[in-house]
Amino acid sequence: MSRAPSLRQPPRASRSRLLCALGSALVGLLALSCRARVKMPHVAESGGDTSVFDATHDAYSLPAPGLSSAHRSAFFVGNSFFNQNWVGAPSSIDSRDGLGPLFNARSCSGCHFKDGRGRPPEAGESLSSLLIRISRPGERGVRGAPLGDPVYGDQLQGNGLPGVPKEAEVKIDYEAVAGTLPDGESYVLQKPRYRCDELGYGPLVPGILMSPRVAPAMIGLGLLEAVPEATLLTLSDQQDRDHDGISGRPNRVTDVVSGQAALGRFGWKAEQPSVLQQIAAAFHGDLGLSSGLFPEQNDTAAEAPARAQPTGGAPEVSADILKAITIYARVLAVPARRNHQDANVSHGEELFGSLGCAACHVPTLRTAELADLPELHAQDIHPYSDLLLHDMGAGLSDERPSFAAQGSEWRTPPLWGIGLVKKVNGHDRLLHDGRARGFQEAILWHAGEAGSARTRFERLPRSERAAVLAFLESL
Amino acid sequence: MRSRRRPCEDLAIPGPVTVRLFVAGFWVCVAACSLAGCRERAPDKAPPAAFTAELAGLASKALTTYADLAFAGYADSAAQAKKLLGAVDALSEAPSQASLDAARRAWVLARKPYPQTEVFRFYDGPIDRVETLVNTWPIDESYVEASLEGQQTGIIENTKDYPALTTELLASLNLKQGETSISTGYHVIEFLLWGRDTRADGPGDRPYTDFSSKHAGNGLAQRRAVYLHLACELLLRELEEVRDDWDPQRPGNYRERFLRMPVRDALALVVKGMGSLSGPELSGERLTVPYETKDQENEHSCFSDTTHSDVVLDALGIENVCLGHYTRVDGSVVSGPSLCEVIGARDRALGERLKAELSRSVAAARSIPAPFDQAILGTDEAPGRRAVWATIQALQRQTDTLSDVAALFDLRVSLASPRKRP
């Protein structure tokens, strides 16, 4: 089984210098022959001045330093609503009822546990921090929006209130995909297959499109929102001019407040334009809670037992609570790197740049001025993302287009803080559906535009691959 | 605290390809050497004035005091938890108002030492391994017991999925559906002893008959009593484990490793624990949230209405560490060279300021009138809300000062204190 090796101390200096020199020479030549050089940051503070130094299981849960008193209060209030379980209506506590009737989780923290990353279920477990978006084939809505199943809507909810059947129990089977690296190291990847058991409301439309998504970590979202749109569009244009096979595209989605087109930034396919809309959509789809942005329930007229349930008010999530959670999510701090000066890590960082990974996992962006959140203003941040869509090949395709994104296109996920997933969430599952066990498997799944960078990674000697993985662990 | 860019980062090279390759080779060698040398280079910012031998000696003694305080605090907590276990067993053997009252008193007494130990959290120390099984809150009590009679939704009623209750089961269900799906620990025990706090003028009033099979049917009384016993047993087990990790008589434990750490690393943990409890935990989650929402669901010990005591004891625990002083449950005192002395030896004024602020925080916490769920209500001018707000402010001030302490010793810890703007 090919697993990401754990971080090791670098070898003794003389050997490491020799290896460094040879490796860097080789890689340097490769890099210069075909690619623009990306300057790697080599700094600990991935979130600029808003970074926090904490590598405990609270690493994703801390507020950015320097918050105003009002934002500090909103952070903690938002945190409490993020963590708490919602209940079915009616209940004695008006501020937290309205759950469901159909839902994936009872709380935000049910999927984003400790503000961290979800995973696919273990054998025998139900889906908890992985959900399935669905849409009917062949038809699209405004700006290419996916259209949901006429009965089940655009997402399968695996839970219902008492008396309301759940929509489905999704089962996952994994197919082994074996391979060998050029140096002879063998590996076995696992490719998931999904099937729906126990459909609660009759059949799905034939050929239903399914897109599995694990809950991403919550850190640094306000910083990403603060990167000017022009920066991202410029990155897209530059990538087109390079003719290096990498060509990131912005997703164009709908801002539900204005009804206008907007640049998509958040979610696995960049389907949400703002943190606010992302949160309101998650309340709506994942918890079955209405808000000012999504005033409807998530069930359809064909789901009669759900329709018959009382609601928890209109809306169920008050504007104040939505605002507090949005501030909370925007100022959750990015943890600083732990050992960025370690020679092996530093070497891995250079390799990450020279292999071409950094062409999409863009190391450095700068935030603009934010009138309502000056705490995040003008920061050099290191998310290792361009927030653009890239073709990742057939192996990773969900075959479900969404707005401008094709099935094989995914938004470059930010990598900051990713070395702490194991600490915070106790697992090492990566990619949109959590199929990869550790960094190396995730890299080996890269294809399409990322195929040549993956090939260069595969050709590295084992110690150099370990350096790249050590760099990722340091984030 | 931005780090400066180092020469090995920049390999951008102009010129035609052949020249570029040659120049690249040169720079690559330079880069490789400097990469390998990165470890030996000075850290990002100017190194702090080194600990003098005298200061390191004093700090080392203060760290021993800290470890002694931790051991005494957890030993007291475990001993009180053992008494609590005895009291809940007496309740289930002979349910009566008297035995229920005795069990509630035992819970209140068990809560005297524990909050004073919370300052030892937040740095992957012994308690952080098990804290979620000990003191997690706020709890969604319907995860444990359905809110409506006849529902099968709580762990207690759900005999289909959980036919046999065990400590392992309770531990495995903890936090299963999110951060308030809590199945065990002090606050679950509190809920089982008091029941929901639905009254404005007092704590929950669960009848003792809930534990009596003569009164509560369907085997629920017995399940509830078994659940209560198991939760207390689990609490005791975890607290004993943490106590043993700080026991000076047990070689190879955490205490030994802690006292062998470089002084600066151990000090960073001490300050991180103090600052994390002061700032995000106590002033933020435990006080700001109920203050802003005026919702008793957000108070720490909502079923027993003893939150006011938690706040005082948490603040006192932080002061204990600074002063190197802890009064045990039996009235005896553990004390020794203190953190304040270490700070004072480097910066006398800062040491005094911290001492004064910690004492003001404890005083502010003591001024919050009980019950806490009433103190948070009314206008901002109401005496209760003024006292809660003053405590929030006092705790934030001391968190800022702890940031100054971290800077004094060049400790890289984040205390979520407001950034000092020029």
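Residue indices follow the written sequence of each chain, beginning from 1 at its first position. Key to labels: chains lettered from A, ligands numbered from 1, both in the order written. Totals for whole chains, interfaces and linings use all residues, but because this is a predicted model, local features are given only for residues with pLDDT of at least 70 and pairs of side-chain atoms are given and counted only at 80 or more. To obtain the side-chain values, all non-hydrogen atoms of the structure were used and water was disregarded.

Draft legend 1. Structural view of the sheet that holds strand S3 (residues 155–156) of chain A. All names here are of chain A. Should DSSP find at least two bridges between two strands, the strands are regarded as paired. Strands here mean DSSP runs of E at least two residues long; helices mean DSSP runs of H or I at least four residues long; both are numbered from the N terminus. Reading across the sheet, the three strands line up as S3-S2-S7 and stay open at both edges, with antiparallel pairing between neighbours. Every other strand in the sheet has two partners, leaving S3 and strand S7 (209–214) as the edge strands with one partner each. Bridge analysis of strand S2 (residues 130–135) against S3 gives two bridges, and the strand direction is antiparallel. Considered in S3, the bridge of Ile 132 is made with Leu 156.

Draft legend 2. The arrangement of unusual backbone geometry in detail. Residue A:Pro101 is reached from A:Gly100 by a cis peptide bond, and omega for that bond is 10°. If you trace the backbone, A:Pro101 turns up in the loop between helix H2 (69–83) and strand S1 (102–103). Omega for the peptide link from B:Trp137 to B:Pro138 comes to -15°, which places this bond in the cis form. For B:Pro138, the position within the fold is in the loop between helix H4 (126–130) and helix H5 (167–173). Positive phi values are uncommon outside glycine, yet A:His42 reaches one of about 55°. Looking at the secondary structure, you find A:His42 in the loop between helix H1 (13–34) and H2. We note that A:Phe403 has phi near 55°; this positive angle belongs to a residue other than glycine. Position of A:Phe403 relative to the elements: it lies in the loop between strand S12 (389–391) and strand S13 (409–411).

Draft legend 3. Looking closely at empty space enclosed by the protein. A pocket here means an open set of points on a 1 Å grid, computed over the protein atoms alone, that has protein on both sides within 12 Å along at least five of seven lines. A cavity is instead a set of points where a 1.4 Å probe fits but cannot get out; residues with an atom within 4 Å of a point line either one. Grid points are joined across faces, edges and corners, and a volume is the space filled by probe spheres set on the points. Scanning the entire structure with this criterion turns up ten cavities of 30 Å³ or more. For the largest cavity, the calculated volume is near 680 Å³. Lining of the largest cavity is provided by 39 residues; of these, A:Asp58, A:Lys114, B:Glu179, B:Glu281 and B:Glu285 occupy positions nearest its centre. Listed by contribution, the elements that provide at least two residues to the lining of the largest cavity are H2 of chain A together with helix H9 (263–293) of chain B. Charged residues are taken to be Asp, Glu, Lys and Arg, nonpolar residues to be Ala, Val, Leu, Ile, Met, Phe, Trp, Tyr, Cys and Pro, and polar residues to be all remaining types, Gly included. A class-by-class count of the residues in the lining of the largest cavity yields twelve nonpolar, 14 polar and 13 charged. Considered as a void within the structure, the second largest cavity measures approximately 550 Å³ in volume. Lining the second largest cavity are 33 residues; nearest its centre among them are A:His361, A:Met392, A:Pro413, A:Leu431 and A:His446. Where the lining of the second largest cavity is concerned, the elements lending two or more residues are S13, helix H11 (439–445), helix H12 (451–459) and helix H13 (462–474) of chain A. Classifying every residue of the lining of the second largest cavity by side-chain character gives 23 nonpolar, six polar and four charged.

Draft legend 4. Quick peek at the confidence of the model for chain B. All names here are of chain B. Of the residues in chain B, 86% reach a pLDDT of 70 or more, and the chain-wide mean stands at 87. This model gives residues 1–47 a pLDDT under 50, and the stretch forms 74 contacts once residues within four places in sequence are excluded. Here the prediction assigns the complex a pTM of 0.88, and the interface score ipTM is 0.86. Scored between 0 and 100, pLDDT is the confidence that the predictor attaches to each residue. Residue contacts follow a heavy-atom distance rule, with two residues in contact if any of their heavy atoms lie within 4.5 Å.

Draft legend 5. Quick peek at the state of the cysteines. The definition used for a disulfide is geometric: two cysteine sulfur atoms within 2.5 Å. For the structure on display, the rule yields one disulfide over all chains. Note that B:Cys322 is cross-linked by a disulfide to B:Cys340, the S-S spacing being 2.4 Å. With the S-S dihedral at roughly 75°, the linkage between B:Cys322 and B:Cys340 falls on the right-handed side. Pair noted here: B:Cys322 is in helix H10 (residues 307–323) and B:Cys340 is in helix H11 (residues 339–346), with a separation of 18 residues, a long-range link. Note on accessibility: B:Cys322 and B:Cys340 belong to one class, buried. Counting only cysteine sulfurs, A:Cys357 is the nearest neighbor of A:Cys360, a cysteine outside any disulfide, at a range of 9.1 Å. Left without a disulfide partner, B:Cys302 is nearest to the cysteine sulfur of B:Cys232, which lies 17 Å away. Exposure is judged per residue with a 1.4 Å probe applied to protein chains only, and the accessible area is read against the type maximum: over 50% gives exposed, under 20% gives buried, and values in between give partly exposed. Of the residues examined, B:Cys302 reaches a relative accessible area of 10% and is grouped as buried.

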